[in-house]
Each structure stands twice: as structure tokens, then as C-alpha cells.
Amino acid sequence: MDAAIDGNAHVHVNTDTDVDVDVDVDVDVDVDVDVDVIVVGAGPTGLMLGAELALGGVRVQILERRTEAQRQSRALTLHPRSVELMDQRGLVERFLARGRAVPGWHFAGLDTRLDFSALDTRHGYTLFLAQARTEQLLAERAHALDVPIRRGYEVVGLRQDDGSDSGRGSGDGRGGRTDAGRVEVDVRGPGGDLRTVRARYVVGCDGGRSAVRRAAGIEFPGTDETLTGALGDFAVVDPVALDRARAHGVLIAPLEPEPEPEPEPEPEDERTDGGPAEGRPGGLTRIVLVDPRRMRTPAAEPLTLEEFRTSLADICGTDCGVAQPRWLSRFGNATRLAARYRAGRVLLAGDAAHIHFPAAGQGLNTGLQDAMNLGWKLAAEINGWAPPGLLDSYHAERHPIGQAVTENTEVQTLLMELTLLPPYQRPAAALRKLLTELLGIEEVNRRLAGRISALDTAYPPTAADADPLVGRRMPDVALTAADSTAGRAHELLPPGRFVLLDLAGDEELRRTVTTGWGPRVTALTVTRHEHRTDLDGVREILIRPDGHIAWATRTPALPARRIERHRALTDWAGRPARR
């Protein structure tokens with residue numbers, strides 16, 4: 001179980017907040033009636049996607065049903081790959097300044113921690129950062145890119161026209177914008193009035209109960225909820241008692257302090273005895289538990305302070321002095337994966353595409369990575385230069401990732417649940433002990449850490465003879481490149497373009513690439529880079545806008561390499577411009 005609650009949670013107490021969010025407040029601002037893309041949902045996935053689309057030159061607006069930014073933080077963590085994504089867009093310092101790095105993580109709460117610090121990344125840690133703060137930072141990014149965030153607009157239906165859903169329309173594949181095909185979206189505005197807005201594409205980032213997914217008729221197969229946990233964010237706890245709770249498997253996480261004035265005193269029936277909240281002054285303490293006596297309670301049933309205290313006392317012999325709750329919630333293990341991430345001109349990302357128990361805090365991170373994969377592809381389709389099949393590769397690449405995440409969270413949930421069931425407690429304890437010992441093996445730990453952190457994400461190559469690097473993350477190697485101030489590979493990626501690195505030296509490289517692919521590809525000659533065995537013999541590397549490797553070659557002969565390069569650029573960045 002994880003402090004990062006990022007799916008299937010039901011909010012029942014909503015008083016003061018742990019984050020002052022004051023960025024996106026476009027309530028009562030009329031929606032644009034005709035744009036390239038409507039993103040539905042202003043959570044982390046929708047905000048990230050909106051910014052990525054704008055970076056690609058797409059006219060996008062984000063519609064959000066809530067009239068205010070979400071102040072409660074279901075998720076609390078950014079994993080290494082997500083931190084890398086922020087680095088690749090030049091945002092990482094903003095996130096690091098607000099979060100707290102933790103080198104270890106867990107799988108199913110096993111005693112042996114996953115060692116993220118041993119992984120092949122500059123960001124070998126989990127960044128503790130409240131979801132509300134993550135959303136605030138992403139909203140600032142969206143506003144900087146002139147992405148309108150319209151609040152108070154609820155999607156109630158949509159229709160696709162009968163035109164081509166390929167998105168190519170009148171585009172010629174060389175950079176012309178496409179015009180054929182539309183999606184009409186019916187929305188209810190802040191005042192309750194209904195209106196219809198249009199877009200070339202709609203992306204549902206609107207959570208597990210996605211209105212977009214339902215309207216598009218996309219199936220959402222999986223399993224219903226069979227187990228629930230409980231969380232509470234408290235302004236008052238007994239720090240000494242928290243150690244006893246930890247020893248009994250209760251998860252304790254200090255949250256950042258509230259930037260707002262101190263809340264009014266609680267009513268007398270809301271007990272305020274006990275010491276100050278753990279962590280920094282003014283902060284909250286999150287407590288997460290699964291109570292064997294209440295783990296079959298439906299997530300939709302309200303959670304009370306008295307029930308939470310009783311659960312704590314039953315589990316660890318003390319109620320930890322909890323008082324002044326800012327948020328109480330149940331969350332369940334319903335696990336579902338959309339059958340398709342694309343249906344014509346409608347696409348899904350984040351919780352709209354996959355929900356699961358919040359084991360190891362993967363939900364928000366998977367959504368951010370969905371957005372990074374989809375953004376540049378959808379922008380390429382709209383701008384008319386996407387090669388055939390590029391947009392469909394979103395489903396081909398990300399659906400298996402969604403399936404892997406839902407499967408590993410089910411495994412983790414089972415490992416936790418069995419220890420709570422009397423008939424299975426002894427064998428479950430033995431199994432957990434065995435797995436804890438196996439995680440002590442360096443290679444086993446690294447393998448599982450790579451999976452949970454998403455650093456092992458590698459998309460399957462489309463060519464049988466592809467280099468072993470293809471599909472993998474581009475390592476953030478230190479380098480020196482002609483006409484570039486970047487000192488690392490990831491510092492080349494903030495513009496959201498392809499990057500072609502020439503490690504062997506071809507005097508015709510930049511002229512050829514600039515003439516043929518213009519603003520889509522940045523071509524650089526690398527004069528020096530740090531040594532890595534996996535780069536031995538590599539002459540050229542084409543990096544996708546999302547930081548994965550599209551193509552690499554070790555061909556020594558320059559004429560043959562130029563032919564390969566032309567083919568790779570055409571396959572990924574579309575046909576070259578006419579000369």
C-alpha cells in the first residue's frame with residue numbers, strides 16, 4: 001500500500017487544504033467553440049497533455065468539470081521516469097524545489113526496499129510531492145504556453161462525424177494542417193446552460209468514471225472492487241504513537257505545511273488532544289491503512305473520524321491521537337483497462353484508460369507518461385506531417401504498459417490482502433518473507449525497481465533489424481555538441497522536437513536535415529560524450545520528443561548511413577519538405 005492515493009478514491013471530508021492552489025481559475029470564461037484538441041480533465045495527465053500539445057503548435061483547450069482546482073492530494077509521489085520527463089522539458093528544478101527526494105521505495109510493503117538510487121538515471125529517487133502541488137506546477141506550465149483551462153464545464157455527450165479519422169485530411173504530410181473530420185462535444189457550463197463545441201480530436205483525461213470514454217463507447221473491462229483501504233490527513237497526531245502504528249503496517253507520511261492561515265478551532269466533539277502533527281510546523285500527517293474488519297466496506301460509504309480512530313486502535317492499540325481531519329477517504333481495488341486507447345478521433349489517457357489499487361503509487365506517474373507519449377504524436381497528426389500509423393502507435397505502445405501496471409498492482413494487493421485473512425496468514429507471511437529475501441538479491445531488486453519506476457519502459461521496435469537501443473529511454477549522457485549549450489542529452493529536449501545526434505561526424509548532416517525536416521528535427525554533431533558500453537560503435541541516434549530512441553545505427557560507411565538516416569527520418573518525422 002502507498003501514500004499515493006491516485007485511483008478509485010471517494011472524498012468525504014473536505015475542509016482546509018494542504019496546498020494553496022491559485023493558478024487556473026477560468027470559471028465563467030466562455031469556451032472556444034472550435035479548436036484542434038479538447039482535453040477533458042485538468043488533473044496531472046490533462047495538464048501535462050495540454051502543455052505538450054501547445055508545445056507542438058496545436059490549438060488546445062482543457063475543460064474541467066470542477067469549478068476549482070483539486071486541493072486534496074490523492075497521489076504524493078513522482079517516480080524517477082516522471083522526474084526525467086520534467087527534466088526533459090526544463091521543469092525539473094521547479095519540482096525539486098517543492099518536493100523531497102527519497103532514494104528507496106517499496107513493492108507490496110515488503111521489508112526490503114526497492115533501491116532507485118542504483119538505477120541508470122540522474123534521478124534515482126521518488127520525489128514526495130503532493131498531487132495538488134504537482135497540478136499547480138503543471139497548470140503554471142500550461143498557462144505559460146497559453147493553454148486555456150476552462151473550469152465548470154462538464155462533458156455530457158459527443159459525436160464524431162463520418163469523415164476520415166486518420167487526421168490527415170488536406171494535409172500533405174509535409175507540415176500542412178489537417179482540416180477534415182470533427183468531434184462535436186456537448187458540455188454543460190457553469191450556469192447550467194448546454195452548448196456544443198468542436199475539435200478535430202478529443203482526449204479523455206477525466207478519471208476512472210470518464211464521460212468521454214463512455215460517450216465514445218470504449219469498453220472498460222476488468223474487476224470490481226473487492227477490498228478497500230482508508231486514508232486520513234490530520235492536523236493533529238501523537239508523534240510517539242505513530243511509531244507503533246508503523247510497526248503494525250500502517251503507512252505514515254508527513255505532508256507539506258499549509259501556506260494558508262491556521263484553521264479555526266475544531267468543534268468540541270472533534271478531539272484536539274495529542275501532540276502536534278508530525279513533520280514541519282503547520283503540516284499535515286497522512287495515515288493510510290487497511291482494516292481487516294472493514295476492508296469489505298464499499299468505497300462509496302462515508303468514512304468518519306470515529307471509524308478511523310477505531311480502525312487504528314484495532315490495528316495497533318492506539319488511535320494515534322488523530323484529530324482535526326482535513327480529508328477522510330476510502331479507496332478500492334477495482335482494476336480496469338480500456339480495451340482501446342483510441343476510437344477514431346477520441347483518445348484516452350491516465351485514469352480514464354486504467355484504474356487500479358494505488359500500490360506503489362504508479363497511477364499518476366503512468367498518466368503523465370501517457371501524456372508525454374501522446375502529445376507529440378497527436379500534434380504531428382494535426383499538423384499534417386505524421387507518418388502513417390504514428391497516432392495508432394499510442395495505443396500499441398501504452399496499452400501494454402497499462403496492462404503491466406494493472407497486473408503488478410493486483411499482485412501487490414493480493415500479497416497484502418492474504419496477510420489479513422486468517423486461513424492464509426501463515427503461508428502469506430512465509431511468501432512475503434521469501435520475496436523480501438529475493439529482493440535482497442541485487443539483480444532482482446534492480447529488475448523490479450526498473451519496472452515500478454518505469455525506467456525499464458522500452459517500446460517495441462517496428463523493424464526486425466533495429467538496433468538494441470531502439471525503443472529504450474535515451475540515457476542522459478554528458479555531451480558536448482556543436483552550436484549547443486546543452487551539457488546533457490536531456491537538456492536538448494525542452495523544445496519537444498526530434499533530436500538527431502551525429503557521433504561520427506558528417507559535414508552534410510545539418511544542411512540535409514534542416515532542408516528536409518526543418519522545425520521537426522534538431523540535428524547536432526557531438527564532439528564528445530561520456531563513455532557507455534551500450535553506445536560503443538553507435539554512429540547516429542534519433543531521439544523522439546518523448547525521450548525514447550527512434551533509431552540508432554552503427555553502420556560505419558557514410559553513404560549507407562545517410563540512406564538509413566533518410567529512411568529513419570521519413571519513418572518517424574514524415575516526408576521531407578520539397579526542395
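Residues numbered from 1 in each chain as written. Predicted model: local features only at pLDDT ≥ 70, side-chain atom pairs only at ≥ 80, totals over all residues. Heavy atoms only, no water.

The number of helices and strands found in the protein is 13 helices and 27 strands. Counting only residues that meet the buried cut, the protein has 58% of its 579 residues in that class. Put simply, 78% of the contacts in the protein that link residues at least 6 apart link residues at least 24 apart. Split by element, the accessible area of the protein, about 22,600 Å² in all, is 51% carbon and sulfur. (Helix = DSSP H or I, 4+ residues; strand = E, 2+ residues; numbered from the N terminus. Buried < 20%, exposed > 50% of the residue type's maximum accessible area, 1.4 Å probe, protein only. Contact = heavy atoms within 4.5 Å. Areas by Shrake-Rupley, 256 points an atom, 1.4 Å probe, with all protein chains shown as cover.)

On the surface, a nonpolar cluster with roughly 370 Å² of combined accessible area is contributed by Leu431, Leu434, Leu438, Ile441 and Val444. Element by element, the count of residues in the nonpolar patch is highest for helix H10 (residues 425-438), at three residues. Relative to the elements of secondary structure, Ile441 occurs in the loop between H10 and helix H11 (442-453). Judged by its relative accessible area of 43%, Ile441 falls in the partly exposed class. (Patch = residues over 30% accessible without salt bridge, like charges linked within 9 Å, V, L, I, M, F, W, Y side chains within 5 Å. Salt bridge = Lys/Arg side-chain N within 4 Å of Asp/Glu carboxyl O.)

Tallied over the full model, the rule gives six aromatic pairs. Both rings, one in Phe331 and one in Phe357, keep their centres 5.4 Å apart while their planes meet at 45 degrees; by these two values the pair is tilted. Here Phe331, found in strand S18 (residues 323-332), pairs with Phe357, found in the loop between strand S22 (354-355) and helix H8 (363-383); they are 26 residues apart in sequence, far enough to count as distant. Measuring from ring centre to ring centre gives 5.7 Å for Tyr341 and Tyr394, while their planes differ by 45 degrees; the resulting arrangement is tilted. Of this pair, Tyr341 sits in the loop between strand S19 (335-337) and strand S20 (342-343) while Tyr394 is found in helix H9 (residues 393-418), placing the two residues 53 residues apart along the sequence. Tyr394 sits in the buried class, given a relative accessible area of 0%. Every member of this aromatic cluster is reached through a ring pair, and the members are Trp376, Trp385 and Phe498. (Phe/Tyr/Trp six-rings, centres within 6.5 Å; stacked < 30°, edge-to-face > 60°.)

Judged by nonpolar contacts, the single largest core of 71 residues is most densely connected at Val37, Ile38, Phe95, Val185, Val203 and Leu378. When near neighbours in sequence (up to four residues on either side) are disregarded, Leu378 contacts Val37, Leu53, Tyr201, Val203 and Leu391. One finds Val102, Leu255, Ala449 and Leu455 within the second-largest nonpolar core, a separate group that totals 36 residues. (Core = buried A, V, L, I, M, F, W, Y, C linked by side-chain atoms within 4.5 Å.)

Turning our attention to the sheet that holds strand S14 (residues 222-223). Sheet architecture is open: three strands sit in the order S14-S19-S22, paired in antiparallel fashion. Only two strands of the sheet have a single neighbouring strand rather than two, namely S14 and S22. Relative to S22, S19 runs antiparallel, the two sharing two bridges. From the neighbouring strand, Arg336 faces S22, where its bridge partner is Ile355. Here H9 sits on the sheet and contacts S14, S19 and S22; the angle it forms with S19, its principal contact strand, is near 170 degrees. (Pairing = 2+ DSSP bridges. Axes fitted to C-alpha atoms, helices over the stretch in contact; angles between N-to-C directions.)

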